[in-house]
Amino acid sequence: MINIHLPDQSIMELPENSTAYDAARKISRSLAKEVLAAIVNGKETDITTVLKDGDSLRLITFEDDEGKVVMRHSGSHLMAQAVKRLFPGTQLTIGPAIENGFYYDFDMEGTISAHDIEAIEAEMAKIVKEDLPIERFVLSREEALNFVKEQKEFYKIELIENLPEEEEISFYRQGEFADLCAGPHVASTGMLRAFKLTAVTGAYWHGDSDNKMLQRVYGIVFPKKTQLDAYLLMLEEAKKRDHRKLGKELDLFMMAEEGPGFPFFLPKGMILRNVLLDFWRKKHDEAGYQEISTPLILNESLWHQSGHWDHYKENMYYTTIDEQTFVIKPMNCPGGVLAFKRRMYSYRDLPQRISELGLVHRHELSGALHGLMRVRNFTQDDAHLYITPEQIQEEVIKIIELIDYIYKVFDFEYHMELSTRPENSMGTDEDWEIATEGLRSALEAIGQPYKLNEGDGAFYGPKIDFHLRDSIGRAWQCGTIQLDMQMPERFDLNYIGADGERHRPVMLHRAALGSIERFLGILIEHYAGAFPTWLAPVQARILTITDAHKDYAQDVMTKLKAAGIRVELDDRNEKVGFKIREARLQKIPYMIILGEQEVEKKNLSVRLRKTGKTIEFSLEDFIARVEKETENLADQN
RNA sequence: GCCAGUGUAGCGCAACGGCAGCGCAACUGAUUUGUAAUCAGUAGGUUGUAGGUUCGAAUCCUAUCACUGGCUCCA
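Conventions used here
- Residues numbered from 1 in each chain as written.
- Chains lettered and ligands numbered in written order.
- Predicted model: local features only at pLDDT ≥ 70, side-chain atom pairs only at ≥ 80, totals over all residues.
- Heavy atoms only, no water.
- Helix = DSSP H or I, 4+ residues; strand = E, 2+ residues; numbered from the N terminus.
- Contact = heavy atoms within 4.5 Å.
- Salt bridge = Lys/Arg side-chain N within 4 Å of Asp/Glu carboxyl O.
- Buried < 20%, exposed > 50% of the residue type's maximum accessible area, 1.4 Å probe, protein only.
- pLDDT = per-residue confidence, 0-100.
- Pairing = 2+ DSSP bridges.
- Right-handed = clockwise from strand over helix to strand, strands pointing away.
- Axes fitted to C-alpha atoms, helices over the stretch in contact; angles between N-to-C directions.
- Parallel < 35°, antiparallel > 145°, perpendicular 65-115°, else oblique.
- Nonpolar A, V, L, I, M, F, W, Y, C, P; charged D, E, K, R; others polar.
- Domains from an automatic or database assignment.
- Buried area = accessible area lost by both parts, 1.4 Å probe.
- Expected span 1.5 Å × (residues − 1).
- Left-handed = near helix turned anticlockwise from the far one by under 90°.
- Phe/Tyr/Trp six-rings, centres within 6.5 Å; stacked < 30°, edge-to-face > 60°.
- Lys NZ or Arg CZ within 6 Å of the ring centre and 35° of its normal.
- Near = heavy atom within 4 Å.
- Polar contact = N/O pair within 3.5 Å; in protein donor to acceptor, adjacent residues only side chain to side chain.

Trainee: I keep staring at the environment of Asn100 and nothing clicks. Help me out?
Mentor: Positionally, Asn100 belongs in the loop between strand S7 (97-98) and strand S8 (101-107). The spacing of Asn100 and Glu401 is 301 residues in sequence and 31 Å in space, taken between C-alpha atoms. Here Asn100 is in contact with Arg72, Gly219, Ile220 and Tyr231, once residues within four sequence places are set aside.

What follows is the structure, encoded as structure tokens:
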């Protein structure tokens, strides 16, 4: 007998040569059904792993993050096997588990169509039915290379060659299919019943657009059909929150074929935007920022000096004025720098925090455009801070705190990423080291977790990015903090220090919302169009019961407007049920219903968006309530 | 930009080689209504655009533009 240590500190006695699966079976039948993989002595492994005396064991199900990865990864193998059966000669590349499922990239003749997807799903179902055991085997490096060469899996040669020297090279076999893989995997294909292929796309080998385009198929897999159905339903629901759909329904913004990637803001969207910016200006004023505005178009010489001409040429738009080339600004910094340079600064003047709601134009690839989320012109809530090197950490922390405050007003969850020096960037290694360290130390001081993105910085400096999620879970970069030691150098910026000498300031570029357009897109999806009272383009709509109540309604509207409340009047000759339905579809926080009773009592019947309940208000109380919500950046209740 | 898909009335959709239609919206009239759709009628189209195949094209082919999902890029 052997003794196995379980996570709850208990010890389980098992016969010699027992597997992790045997342990699961001994605990309960349901666990035996659900177990996907095991962690033995801290290492993830298959449930067929034979246990030794003294091993510690944790069993993994789909409830665990590790379990989701295992099942999804097995799903990708299942799909790859089906594809290889249907399209002989297809070469495998990589097929990982991802956040919401898995994909596999194939190099094949031709492409995969929607029709093929059905055939692949049918073949996958067949393989599930065959219930093939999934077995691990290990080869030496040489054997492994020979094995993949025999199988004509030439991409795998590169993968094996890139494996570290000491790495054990394992494969997983299910029936006729075998794939290089670290594992672990579920025990058999029969466990992968609840799957669905969700998309076919092209994807470049190694993600490099100079490489060959591969066929990528995305899929999802769950232990149970009910979970799969629930997930698909959730996706359907999320689509109803899509800002492009809501933007149309709520008449907030539009796109025209004449302006791909150039959004139009409509009256209601404009209110939303202006309310957001009023809030932004107030907070930035409090935080010590001064707002400026710089020109949209500036002479090409400026862009040579800033380095954009060399590093950002492809993304810029150009125009000619009096036979000279001008650039339509893709960033606000060079113009901002000119404004900074207008006078001399003492060290006592720093930090200078100069903000600009600057409209920038960038030539994004046509295939990259997406509603308000990725456009070709957008307004950055930009600011440039000119500081001494000693002020780096303190100022970066202040910015992080400001951004955190703003995101919390909207109940956003976000994550931060630190991006380091990219290829084709300006400046010395030393500058980059100081700059990167400045950002890193601020992050460490704040103590919030962040992800490291090697080589993803701006061409002039490293950055901290803030990412928010849209309705279907895609992360979009919004806030950003970029530390720049190049621009001050190139524009010969300086301030007079306490020693009376000239010194070079450090420049911080930062945006909190990022792009107003993108942020509004996220905001629309976040609230599903039902904006809190303070943000709602229309805060209240007055609905009359009959024409007899029009005068009173007009009177109420005049008074609400005078109080600064955004109000509309629906005095059409329609039934009140119909008017309520329309106001609901417009997601207006308050409906004020005025009929015989209200005229008599000189009050308001107010129907709340949140509960659908109707409450009687005096005009004054209603105004007070909306004013309070507006002031507190709040929603109803 | 690349791969795949989709473009039909303001919006959502049907017709898939044989007369371009439905619902909502719009307009007109009736109805004066109490908490998610009152009734009747009218009008609205060079089927994204340009070529081609065909007796005949929304439908098939080619090109192009836009959009959608990815890749790449990025706020």
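Further notes follow.
Trainee: Looking at this structure, I do not really get the pattern of salt bridges. What am I missing?
Mentor: Once the charged atoms of two side chains with opposite charge are near each other, the side chains can pair. With the rule as written, the count across this model stands at 45 salt bridges. Of the charged contacts in the structure, one is a salt bridge between Glu66 and Arg58, with a shortest N-O distance of 2.8 Å. Given the relative accessible area of 24%, Glu66 is considered partly exposed. On the basis of relative accessible area, Arg58 is assigned to the partly exposed category, the value being 30%. With its nearest N and O atoms 2.8 Å apart, the salt bridge here joins Arg85 to Glu130. Separated by 45 residues along the polypeptide, Arg85 in helix H3 (residues 65-86) and Glu130 in helix H4 (residues 114-130) bring together distant segments of the chain. For Arg85, a relative accessible area of 27% puts it in the partly exposed group. Salt bridges sharing partners connect three or more residues here, namely Arg85, Glu123, Lys126, Glu130 and Glu176.

Trainee: How should I be thinking about unusual backbone geometry in this particular structure?
Mentor: Across the chain, the bulk of peptide bonds are trans and the bulk of non-glycine residues have phi less than zero. Residue Pro351 is bonded to the preceding Leu350 through a cis peptide linkage, with omega at 0°. Positive phi values are uncommon outside glycine, yet Asn17 reaches one of about 65°. Considering the arrangement of structural elements, one finds Asn17 in the loop between strand S2 (11-14) and helix H1 (20-27). For Asp411, which is not a glycine, the phi torsion comes out positive at approximately 55°. You can see Asp411 is positioned in the loop between helix H13 (392-409) and strand S22 (415-419). Under the relative-accessibility criterion, Asp411 is labelled exposed at 61%.

Trainee: What should I look at first to understand the confidence of the model for chain A in this one?
Mentor: Close reading of the predicted structure is inappropriate where its pLDDT is low. Taken over all residues, the pLDDT of chain A has a mean of 91, while the share at 70 or more is 100%. Taken over the whole predicted complex, pTM reads 0.91, whereas the ipTM for its chain interfaces reads 0.93.

Trainee: Honestly, the pairing of strand S29 (residues 540-544) in this entry has me stumped. Any pointers?
Mentor: When a strand is regular, its side chains alternate between the sheet's two faces. Burial within S29 is extensive, with five of its five residues counted as buried. Neither face of S29 is exposed, since Ala540, Ile542 and Thr544 on one face and Arg541 and Leu543 on the opposite face are all buried. Bridge count between S29 and strand S30 (residues 567-570): four bridges; the pairing is parallel. Following the sheet pairing, Ile542 is matched in S30 by Leu569. Where the polypeptide runs from S29 across helix H17 (residues 550-562) and back to S30, its parallel neighbour, the crossover connection is right-handed. In this sheet, strand S31 (residues 590-594) lies alongside S29 in parallel orientation, the contact comprising five bridges. Counted as the bridge partner of Leu543 is Ile593 from S31.

Trainee: How should the side chain of Ser188 be read in this particular structure?
Mentor: With respect to the secondary-structure elements, Ser188 resides in the loop between strand S11 (177-180) and strand S12 (194-204). With residues up to four places along the chain from it excluded, the contact list for Ser188 reads Asp131, Leu132, Pro133 and Ile134.

Trainee: Help me understand the packing of helix H9 (residues 267-286) against helix H16 (residues 516-526), please; the structure alone is not making it clear to me.
Mentor: Helix packing geometry: the angle between the two helix axes and the distance between the axes. At a minimum axis separation of 11 Å, H9 and H16 run at an interaxial angle of 105°. With respect to each other, H9 and H16 are oriented roughly perpendicular. On H16, the residues that touch Leu272, Arg273, Leu276 and Leu277 of H9 are Ile516, Glu517, Phe519, Leu520 and Leu523. When grouped by side-chain class, the residues that make up the contact of H9 with H16 number seven nonpolar, no polar and two charged.

Trainee: It is not clear to me how the domain arrangement of chain A should be interpreted in this structure. Could you clarify?
Mentor: Interfaces are often sized by the amount of accessible area the parts lose when they come together. Each domain of chain A was delimited in the assignment, giving domain 1 (2-61), domain 2 (69-239), domain 3 (258-294 + 330-526) and domain 4 (540-635). Computed from C-alpha coordinates alone, the two centres of domain 1 and domain 2 are separated by 27 Å. Each partner contributes to the interface: domain 1 provides eight residues, whereas domain 2 provides nine residues. Taken over both partners, the interface formed by domain 1 and domain 2 buries close to 690 Å², and the fraction arising from carbon and sulfur atoms is 63%. The tally of links from domain 1 across to domain 2 stands at zero salt bridges.

Trainee: Please explain the sheet that holds S11 as it appears in this structure.
Mentor: Sheet strands associate in pairs through backbone hydrogen bonding, adopting either a parallel or an antiparallel arrangement. Strand order in the open sheet made by the three strands is S9-S10-S11, with antiparallel pairing throughout. Each edge of the open sheet is held by one strand with a lone partner, namely strand S9 (134-139) and S11. Mean inter-strand twist for the sheet, computed between neighbouring axes without regard to direction, equals 25°. Pairing of strand S10 (residues 169-174) with S11, which is carried by four bridges, proceeds in the antiparallel orientation. Pairing of Tyr172 across the sheet is with Asp179, part of S11. Lying over the sheet, helix H6 (residues 154-161) contacts S10 and S11, oriented at roughly 35° with respect to S11.

Trainee: Would you mind showing me how to read helix H14 (residues 429-446) here?
Mentor: Spacing of three or four residues puts side chains on the same side of an α-helix, whose turn is 3.6 residues. Look at H14: 26 Å from first C-alpha to last across 18 residues, which is about the 26 Å you get at 1.5 Å a residue. Tucked inside the fold, the buried residues of H14 contact H13, S22, strand S23 (450-453), strand S24 (463-469), strand S25 (475-484) and helix H15 (486-490).

Trainee: I keep staring at the packing of H17 against helix H20 (residues 619-631) and nothing clicks. Help me out?
Mentor: Where H17 contacts H20, the axes come no closer than 11 Å and their chain directions differ by 35°. Of the two possible hands of crossing, H17 and H20 adopt the one that is right-handed. In this structure, H17 uses Val556, Lys559 and Leu560 to contact H20, whose residues at the interface are Leu619, Phe622 and Ile623. Of the residues assigned to the contact of H17 with H20, the class counts are five nonpolar, no polar and one charged.

Trainee: I tried to follow the packing of aromatic side chains on my own but got confused; where do I start?
Mentor: We describe a pair of aromatic rings using the distance from one ring centre to the other and the angle between the two ring planes. Enumeration according to the criterion identifies 28 aromatic pairs in this entry. Centre to centre, the rings of Phe262 and Tyr317 are 6.4 Å apart; their planes meet at 50°, and the pair counts as tilted. Residue Phe262 is found in the loop between strand S14 (253-254) and strand S15 (264-265), and its partner Tyr317 is found in strand S18 (residues 317-321); the two are separated by 55 residues along the sequence. Seen in terms of ring centroids, Tyr407 and Phe412 are 6.4 Å apart; in terms of plane orientation they differ by 90°. Their pairing is edge-to-face. Each member of the pair, Tyr407 as well as Phe412, is classed as buried. In textbook terms, an aromatic cluster arises when at least three aromatic residues are bridged by ring pairs, as seen for Phe279, Tyr407, Phe410, Phe412, Tyr414, Phe466, Phe519 and Trp534. The residue whose ring lies beneath Arg216 is Tyr103, and the NZ or CZ to ring-centre distance is 3.7 Å. Here the basic side chain of Arg273 rests over the ring of Phe265, its NZ or CZ set 4.7 Å away from the ring centre.

Trainee: Can you walk me through the protein's contact with RNA strand B in this structure?
Mentor: Tyr204, Ser366, Gln477, Asn573 and Arg584 are the nearest of the 58 residues found near RNA strand B. Looking at RNA strand B alone, sugar and phosphate atoms form 49% of those within 4 Å of the protein. In the environment of RNA strand B, a sugar or linking oxygen lies 2.6 Å from a nitrogen or oxygen atom belonging to the side chain of Thr201. Here a base nitrogen of RNA strand B sits 3.0 Å away from a polar atom, N or O, in the side chain of Arg374. Of all the secondary structure elements, the ones that give two or more residues to the surface near RNA strand B are S12, strand S13 (213-222), helix H8 (243-249), strand S21 (377-387), S25, helix H18 (576-585), helix H19 (596-601) and strand S32 (604-608). The element contributing the most residues to the surface near RNA strand B is H18, with six residues. The class makeup of the residues in the surface near RNA strand B is 18 nonpolar, 22 polar and 18 charged.

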